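Overview (structure and organization)
The residues making up each chain are set out below.
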Amino acid sequence: MRIVDVINRKKRGEILNREEIDFVVQGYTKGEIPDYQMSAFLMAVYFKGMNKEEIANLTLAYVNSGERVDLSRIQGIKVDKHSSGGVGDKLSLAIIPICASVGIPVAKMSGRGLGHTGGTIDKLESIEGFRTELTNEEFISNVNKYKIAIVGQSPNLTPADKKIYALRDVTATVDSIPLIASSIMSKKIASGAECIVLDVKVGSGAFMKSVDEAVELARTMVDIGKSLGRKTIAVVTDMNQPLGHEVGNANEVREVIEILRGKGSEDETTIALTIASHMAVLGEVFADFDTAYKELHNILKSGKAVEKFKEFVMIQGGNPELIDYPDRLPQAKYHIEIKSSSNAYVSSINAEDIGVAAMLLGAGRRTKDDKIDFSAGITMVKKVGDKVNTGDTICVLHTNYENHSDAEAVARGAFYFSDNKPEPIKYIYDVIK
Ligand code: URA
């Protein structure tokens, strides 16, 4: 087989078979296919797409390029969740303790943030002492005993996806639905989940900018799950403004504690309970979604979920007192209030710009080797639909950098105003089963 022939076939929009897809993925991972030919192949996929079978085969090729996590020693139905990434998206940290509180085993591998989006592992590391590396034994035994463990992703998981993602990033081929869907699903499948609930974000802070595209991505991932024997549900949720009120690692942990105490913002509480309820139904803890939602809401109000989070922090080496006293989590030296210069309604907030501003304050990485300042971030005081008067604070920047003028300009520019009250933003657009 010659790579040039496979590229040609895809360029003409032909359907590739499993052997051809394996040949491309294995050849590139082993260094036998050079970047320039792989780039041409990715661009052909970008323009011509792939059918369901090709996408499932691409996903399997990624999975087979590395190790598969064996969760067979964990009792119960293993349910995983994944978010396609957003700004202020801290919901994994809320959803997992909610699920663990009702006995759903969640053995989660999470990533770090890059660019304008944050990563669950970075957020957890803002808790003093928290260990995101556990031995395999600890990982399995914690899930069996406490129903919860979160670790950084093993470097041996889906190495083909890692190498291809890096190439996509520099060849303008990230935003292709077959490529995103296979990339995300391969990591979920390699990390051993039996059932998967996906939070597909749509809006200014997400890969998918329109609801139609997000629904297509959601359907594609649900189809991959189905063809590879994993029960999969996708919830399409809003990312047209940051989630909740806090962006930045320690800030977001503080907000997670509020959600788990039953005092979270409406958008975050609704989305967290929706995803956790689908997980609870797939995990066969509740018979239907409505019962699950009601019971999990009660779990939040009862204080059980925040206690579970505290226990989880303690068993992974973190200081549990920080959950009772979240103000002791890292705090920045400077707090800069950005004020409104008009009397108006907030009509939209560009979530990506807020993510970029947070990164400029030290909360994120420009390159994967950058160090993160856990205390840096942004508090969104005003959100879409809020009325503001001249001089009202719309957001507060938290940083240790003395010079923060770039971030200030980007954060200010993220807010748009109008004289008329905008239509309320939906939290959830669709659920694909
Ligand atoms: N997240 C992934 O893991 N892969 C993609 O391609 C896009 C988002």
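Quantities reported herein were computed from a predicted structural model and do not represent experimental measurements.

1. Some details on the overall build of the protein
A count of helices and strands for the protein gives 17 helices and 13 strands. In terms of C-alpha radius of gyration, the protein reaches 22 Å, essentially the compact-globule figure of 22 Å for 433 residues. Seen through its principal axes, the protein has C-alpha atoms that stretch 65 × 45 × 40 Å. Classification of the 433 residues of the protein by burial places 57% in the buried group. Pairs at least 24 apart in sequence give 78% of the contacts found in the protein among residues at least 6 apart.

2. Describing the domain arrangement of the protein
Split into domains, the protein comes out as domain 1 (3-63), domain 2 (79-324) and domain 3 (331-418). The C-alpha centroid of domain 3 is placed 41 Å from the C-alpha centroid of domain 1.

3. Focus on helix α9 (residues 177-190)
End to end, α9 covers 20 Å across 14 residues, agreeing with the expected 20 Å (1.5 Å per residue, within 8%). In terms of burial, α9 is largely enclosed, as 14 of its 14 residues are buried. Once α9 ends, the next one or two residues include G192, with phi positive near 95 degrees.

4. A short note on the site of the ligand
Neighbouring residues of the ligand: Y165, R168, I180, S183, I184, K187 and F207. Here S183 contributes a side-chain N or O atom positioned 2.6 Å from a nitrogen atom of the ligand. Protein chains shield 88% of the accessible area of the ligand, which is 240 Å² for the free molecule. When contributions to the shell around the ligand are tallied by element, the ones reaching two or more residues are α8 (159-170) and α9.

5. Quick notes on the nonpolar core
Residues I127, L260, L296, F309, I354 and I378 are the most contacted members of the largest nonpolar core, which totals 78 residues. Two domains each provide a minimum of three residues to this core, namely domain 2 (79-324) and domain 3 (331-418). Residues contacting I378, with those up to four places away along its chain left out, are H245, E246, V247, N251, I354, A357, A358, L361, C395, V396, L397 and H398. Counting residues in each nonpolar core, the second largest holds 60 residues, with L58, L60, V236 and I432 among its members.

6. Considering the state of the cysteines
The tally for this structure, following the rule as stated, stands at 0 disulfides. In this structure C195 is not part of a disulfide, and its nearest cysteine sulfur, from C99, lies 12 Å away. With a relative accessible area of 4%, C195 lands in the buried category.

7. Let's talk about the sheet that holds strand β4 (residues 195-202)
The strand order across the open sheet formed by 4 strands is β1-β4-β5-β13, and the pairing between neighbours is mixed. Looking at strand neighbours, the two that pair on one side only are β1 (79-83) and β13 (428-432), the edges of this open sheet. Direction aside, neighbouring strands of the sheet carry axes that sit 15 degrees apart on average. Note: β1 against β4, 5 bridges, orientation parallel. Residue pairing across strands places H82 opposite L198, the latter belonging to β4. Sheet strands touched by helix α10 (residues 211-227): β4, β5 (231-238) and β13. Its angle to β5, the strand with the most contacts, is close to 165 degrees.

8. With respect to the sheet that holds strand β10 (residues 387-388)
With antiparallel pairing, 3 strands are arranged side by side in an open sheet as β10-β8-β12. Each having just a single partner strand, β10 and β12 (415-418) make up the two edges of the open sheet. Summarising the sheet, strand β8 (residues 344-349) and β10 pair through 2 bridges and their orientation is antiparallel. The residue bridging A344 from the neighbouring strand is V388, located in β10.

Rules used in this analysis
- In every chain, residue numbers begin from 1 and rise along the written sequence.
- Totals for whole chains, interfaces and linings use every residue, but because this is a predicted model, local features are given only for residues with pLDDT of at least 70 and side-chain atom pairs only at 80 or more, for both listing and counting.
- Water and hydrogen atoms were dropped before computing side-chain values, which therefore reflect all heavy atoms in the structure.
- Labels follow the DSSP assignment, with helices taken as runs of H or I lasting at least four residues and strands as runs of E lasting at least two, numbered in each case from the N terminus.
- Radius of gyration: C-alpha atoms only; globule rule: 2.2 Å multiplied by the number of residues to the exponent 0.38.
- Each residue gets one of three labels from its accessible area relative to the maximum for its type: buried under 20%, exposed over 50%, partly exposed in between, using a 1.4 Å probe on protein chains only.
- Only heavy atoms matter for contacts: two residues are in contact if any of them lie within 4.5 Å across the pair.
- Reported domain spans reflect what an automatic or database domain assignment gives.
- By definition here, a helix of n residues has an expected span of 1.5 Å times n minus one.
- For this description, a residue counts as near a given molecule or strand if any of its non-hydrogen atoms is within 4 Å of it.
- Side-chain atoms alone can form a polar contact between residues adjacent in sequence; in general such a contact is a pair of N or O atoms within 3.5 Å, and within protein one must be able to donate a hydrogen while the other accepts it.
- Only the protein chains shown count as covering a residue, and every accessible area follows the Shrake-Rupley method with a 1.4 Å probe.
- Here, nonpolar core refers to any group of buried Ala, Val, Leu, Ile, Met, Phe, Trp, Tyr and Cys residues whose side-chain atoms link them within 4.5 Å.
- By disulfide we mean two sulfur atoms from cysteines, separated by a distance within 2.5 Å.
- Note on pairing: two strands pair once DSSP finds at least 2 bridges between them.
- The convention used is that axes are lines fitted to C-alpha atoms, helices contributing only their stretch in contact, and that angles between N-to-C directions extend from 0 to 180 degrees.

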